[in-house]
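Take a look at the letters that make up each chain.
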Amino acid sequence: MNMKLSLVMLILMASATYAICSQTKDVDMLVTASKLKNAGFVDGQTGRVNPDLNGDGKKDFIEYMFVSSTPPGTCEQSGCMFNLDNSPALTFEITMHDEKLIDAAYMCTSIGISKKSHKGLKYFFCGLKYILRWNGAEYGT
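Residues numbered from 1 in each chain as written. Predicted model: local features only at pLDDT ≥ 70, side-chain atom pairs only at ≥ 80, totals over all residues. Heavy atoms only, no water.

**Overview of the nonpolar core**
Working step 1: Tyr-64, Phe-92, Ile-94 and Phe-124 are the most contacted members of the largest nonpolar core, which has 24 residues in total.
Working step 2: Secondary-structure elements contributing two or more residues to this core are helix H2 (33–38), strand S3 (61–67), strand S4 (89–95), strand S5 (101–108), strand S6 (110–118), strand S7 (121–126) and strand S8 (130–134). (Core = buried A, V, L, I, M, F, W, Y, C linked by side-chain atoms within 4.5 Å. Buried < 20%, exposed > 50% of the residue type's maximum accessible area, 1.4 Å probe, protein only. Helix = DSSP H or I, 4+ residues; strand = E, 2+ residues; numbered from the N terminus.)

**Remarks on the sheet that holds S4**
Working step 1: Ordered in space as S2-S3-S4-S5, the four strands form an open sheet in which the pairing is antiparallel. Two strands bound the open sheet, and with one partner strand each, they are strand S2 (46–49) and S5. Here the strands of the sheet are splayed against their neighbours by 20° on average, with no regard to which way each runs. (Pairing = 2+ DSSP bridges. Axes fitted to C-alpha atoms, helices over the stretch in contact; angles between N-to-C directions.)

**A word on the confidence of the model for the protein chain**
Working step 1: For the protein chain, per-residue confidence averages 79 on the pLDDT scale, and residues scoring 70 or more make up 72% of the total.
Working step 2: Model confidence for the protein chain, summarised as mean pLDDT per element, is weakest for helix H1 (residues 2–24) at 43 and strongest for S2 at 96.
Working step 3: Predicted confidence is poor over residues 3–22, with pLDDT under 50, and the contacts of this stretch with residues over four places away or in other chains come to zero contacts. (pLDDT = per-residue confidence, 0-100. Contact = heavy atoms within 4.5 Å.)

**Overview of the environment of Lys-129**
Working step 1: Inspection of the secondary structure puts Lys-129 in the loop between S7 and S8.
Working step 2: Lys-129 gets classed as exposed once you look at its relative accessible area, which sits at 61%.
Working step 3: Here the alpha-carbon distance between Lys-129 and Cys-108, two residues 21 residues apart in the chain, equals 9.5 Å.

Structure follows, in structure tokens:
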């Protein structure tokens, strides 16, 4: 019985790992908070990356701000506090090349974009757990 349970757990872990890996192979990781922390970033320090978010060949701007640990006040969902591990995080805002501002009220451990898009803008990966999709007006989970 113990052997069967171990085998089932191993299969479940392998399938979950495959799902995450296959989902993220199409992702261009733009910035990771832990790498910034290791590079000496401090609270409030900012940076900018310039991907093309709508596929028009023009660079858009994602300006991010580094925070050394996730503040406890960022939890709005029940059970969220159990998932906080004081990892460094990033807040960000998006400015399209035509200067249209897109508010993104999220704290992410990393920011990546997918090759796939939804309603004209690429998916955002906010860490490994959250995919943000454009609904035509804003990014949401």
